[in-house]
Amino acid sequence: MTATFSPHRRRKIVVTVATAAVVISIPACSERAPVTDPRPGTLVIVTTGDADVLFPPLVTNTTARQVTELVYDYLAEVGTELHTTSDKAFQPRLAESWKWSSDSMSIAFRIHPEAKWHDGRPVRADDVRFTFNLYNDSALASPMRSDLTNIDSVSVLDSITAVFWFRKRSPLQFFAASSQIQILPKHIFERVRSDSLRNAAASIKPIGSGRYRFVRWNVRQTIELAADSGNYRGTPKIGRLIWRITPSATTATTMLLAGEADLYDTMRPDNVREAARKQNVYVISQPGADFVFMELNFKDPLNGKRAHRLFASRDLRRALAMSVDRSALVRNVFDTFARPAIGPTVRAFPSTDTTLVQLNYAPDQARKILDSLGWRTNKSTGIRERSGKPLRFRLLVPGSSENRKHMAVLIQAQLKQAGIVVDLDQMDWTAFSERLAAHHFDAALASWNVGTNPAAAIRIWTTKQAVEEGGLNYSSYSSPRFDAYVDSATSQMDSTVSRQFYTKAYQTAIDDAPAIWLYEPRTVLGLNKRVHIGPVRADAWWFSLADWSVR
């Protein structure tokens, strides 16, 4: 597949898939001349994972989210406290103001009149309407669609006022409208078929309205952004941002400590101890919004119409979970920089009940369950077998994550004690992501950043996300009870009642064990002392990066 966006007056997108070619012409548009950024300074961010795409509707990984959230704008953004049920906690972004209707069934957002796309065109309300419709296009199959279902439509009141209309009142109305879609330029994408956009997504060069503009992306090497000096929200204090991508966490740490990079956001305990001996580095640690889990595939990876020979069994999944000592794993890998996960959520959210009943380490109980399922230990090999076949599966591990590589080896050893054989398949991030998306795995050490609201995380486990094209429920877990609790939790106006339904949904997922909920790491940033930071949000340390500075 090849795709190009030309920066000249007449743009073409050329998409080639197999032997089919689609050529789409986009009308000419005026462009601003390149602006020499008067602000000094470059911030080098080292990371072990490249972006998947830089097209907001299809972004699924953290590096891509970092880049696109600096290039594109939301209408408004959640503040540092992650309160999402009241618009008072939100900060204006592309929308300078908003007004609710008297019945709370619509919100009119007024676009900042000086906002411009990076090619010089003004941002208009019609861009907002176009973006909403594109995110909802089934041919594009954005994973964000499920978070927009309560929005009926978007209309244009005037050139800078877009009105969101809702199907029903919900505590997440404002959040869904303002902070779930990054606004896209209609004049760039309107003549491109959405299925072509999906095919070309990996090659789309971003043109946004954010405080940084896209410069270049050398896949698996670097991503570069430059300050937009004419931006309506002000010129960033740092002139240039560079992500340097290396698959090795050891290399990433070495680069930070040697002064070749200014920031590394996944410091491990040994890195922190080493940084303490360096005069040029300091470390910030705070609760995070990520959790890591061993995802179990309910379907045969070679034939999605068949159930998985092992993990279709709820009892076997539960026995597997009870054979893993998560507390010991976390202590071994993280010391005090992580905690055992408590389900498909994190402790940072007010909706999370930290007294959820876990499937904790219980090897004797797990042994009894496996025996009852017919998986008996072969005395000569120590491996459990049934009908002459061993209890064995393959576990995908991203080679870019030192933490997950270490944990995979420990899980392998723990399950061997239970008579279960785990074969480790370590691979680069791209291959790992592709295998997950294709459901071509037995089990995988996956991670998820829950973002700014619990609904976004918990919905990836719904049946809808399992059956929709582009859905993020890679395990194919499906539970009507879980789905019902999620719907109730996200539709309740009363936060107390909503929390009760969230708790029931979390508990259902824990009991069903579509995954082993492994750990919830803290955000541990290693920074060069020349970097002066601003507020750091639990789910997005880059939240205020445009207001950081470097000496």
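Quantities reported herein were computed from a predicted structural model and do not represent experimental measurements.

### A short note on the overall build of the protein
Along the protein, the regular secondary structure elements total 16 helices and 28 strands. For a compact globule of 551 residues, the expected C-alpha radius of gyration is about 24 Å, and the protein comes in at 24 Å, within 12% of that figure. In the protein, which comprises 551 residues, the proportion classed as buried is 57%. Counting only contacts in the protein whose residues sit at least 6 apart along the sequence, the fraction spanning at least 24 positions is 68%. Separation between the mean location of the 70 positive side-chain charges and that of the 54 negative ones in the protein comes to 2 Å.

### Remarks on the nonpolar core
The biggest cluster of nonpolar side chains holds 116 residues, and the ones touching the most others in it are Phe 55, Phe 164 and Leu 545. With 6 residues, the single largest contributor to this core is helix α2 (residues 125-135). Contacts of Leu 545, omitting those with residues within four sequence positions, involve Leu 43, Ile 45, Leu 70, Tyr 212, Ile 238 and Leu 241. Judged by nonpolar contacts, the second largest core, of 53 residues, contains Ala 321, Leu 370, Leu 391 and Leu 445.

### Some words on the packing of helix α9 (residues 326-334) against helix α11 (residues 402-417)
Each pair of packed helices can be described by the angle between their axes along with the distance between the axes. Running from amino to carboxyl end, α9 crosses α11 at an angle of 140°, the nearest separation of the two axes being 10 Å. In terms of orientation, α9 lies oblique with respect to α11. For α9 against α11, the interelement crossing comes out right-handed. Counted together, Ala 328, Leu 329, Val 330, Asn 332, Val 333 and Phe 334 of α9 and Asn 403, His 406, Met 407, Leu 410, Ile 411 and Gln 414 of α11 form the full contact between these two elements. Grouping the constituent residues of the contact of α9 with α11 by class yields 8 nonpolar, 4 polar and no charged.

### A closer look at the pairing of strand β3 (residues 42-47)
Among the 6 residues in β3, 6 count as buried, and that is most of the element. Residue alternation in β3 divides its side chains into two sets, Thr 42, Val 44 and Val 46 and Leu 43, Ile 45 and Thr 47, and both sets are buried. Judged from the 6 bridges that link them, β3 and strand β12 (residues 240-245) form a sheet pairing that is parallel. Bridge pairing in β12 links Thr 47 to Ile 245.

### Quick word on the packing of aromatic side chains
Across all of its chains, the model carries 22 aromatic pairs by this definition. For the pair Tyr 485 and Phe 501, a centre-to-centre distance of 6.5 Å together with 40° between the ring planes defines the contact as tilted. Pair noted here: Tyr 485 is in helix α15 (residues 480-491) and Phe 501 is in helix α16 (residues 495-512), with a separation of 16 residues, a long-range link. An aromatic cluster is present here, built from Phe 90, Trp 98, Trp 100, Phe 109, Phe 132, Phe 164 and Phe 174 joined pairwise through their rings.

### Here's the deal with unusual backbone geometry
Backbone geometry places Ala 141, a non-glycine residue, at a positive phi of 55°. Tracing the backbone through its elements, the reader meets Ala 141 in the loop between α2 and β8 (151-158). Residue Ala 141 is classed as buried on the basis of its relative accessible area, which comes to 1%.

### Regarding α16
Between its first and last C-alpha atoms α16 spans 26 Å; for 18 residues at 1.5 Å apiece the expected length is 26 Å, and the two agree. Every buried residue belonging to α16 is among Ser 498, Tyr 502, Thr 503, Ala 505, Tyr 506, Gln 507, Thr 508, Ala 509, Ile 510 and Asp 512, and all of these are buried. Buried residues along α16 sit in contact with α8 (314-322), α13 (454-458), α15 and β25 (515-521). Of the residues trailing α16, Ala 513 is marked for its positive phi of about 55°.

Rules behind the numbers
- Residues numbered from 1 in each chain as written.
- Predicted model: local features only at pLDDT ≥ 70, side-chain atom pairs only at ≥ 80, totals over all residues.
- Heavy atoms only, no water.
- Helix = DSSP H or I, 4+ residues; strand = E, 2+ residues; numbered from the N terminus.
- Rg over C-alpha atoms; globule rule 2.2 N^0.38 Å.
- Buried < 20%, exposed > 50% of the residue type's maximum accessible area, 1.4 Å probe, protein only.
- Contact = heavy atoms within 4.5 Å.
- Lys, Arg positive; Asp, Glu negative; His and termini not counted.
- Charge placed at Lys NZ, Arg CZ, Asp CG, Glu CD.
- Core = buried A, V, L, I, M, F, W, Y, C linked by side-chain atoms within 4.5 Å.
- Axes fitted to C-alpha atoms, helices over the stretch in contact; angles between N-to-C directions.
- Parallel < 35°, antiparallel > 145°, perpendicular 65-115°, else oblique.
- Left-handed = near helix turned anticlockwise from the far one by under 90°.
- Nonpolar A, V, L, I, M, F, W, Y, C, P; charged D, E, K, R; others polar.
- Pairing = 2+ DSSP bridges.
- Phe/Tyr/Trp six-rings, centres within 6.5 Å; stacked < 30°, edge-to-face > 60°.
- Expected span 1.5 Å × (residues − 1).

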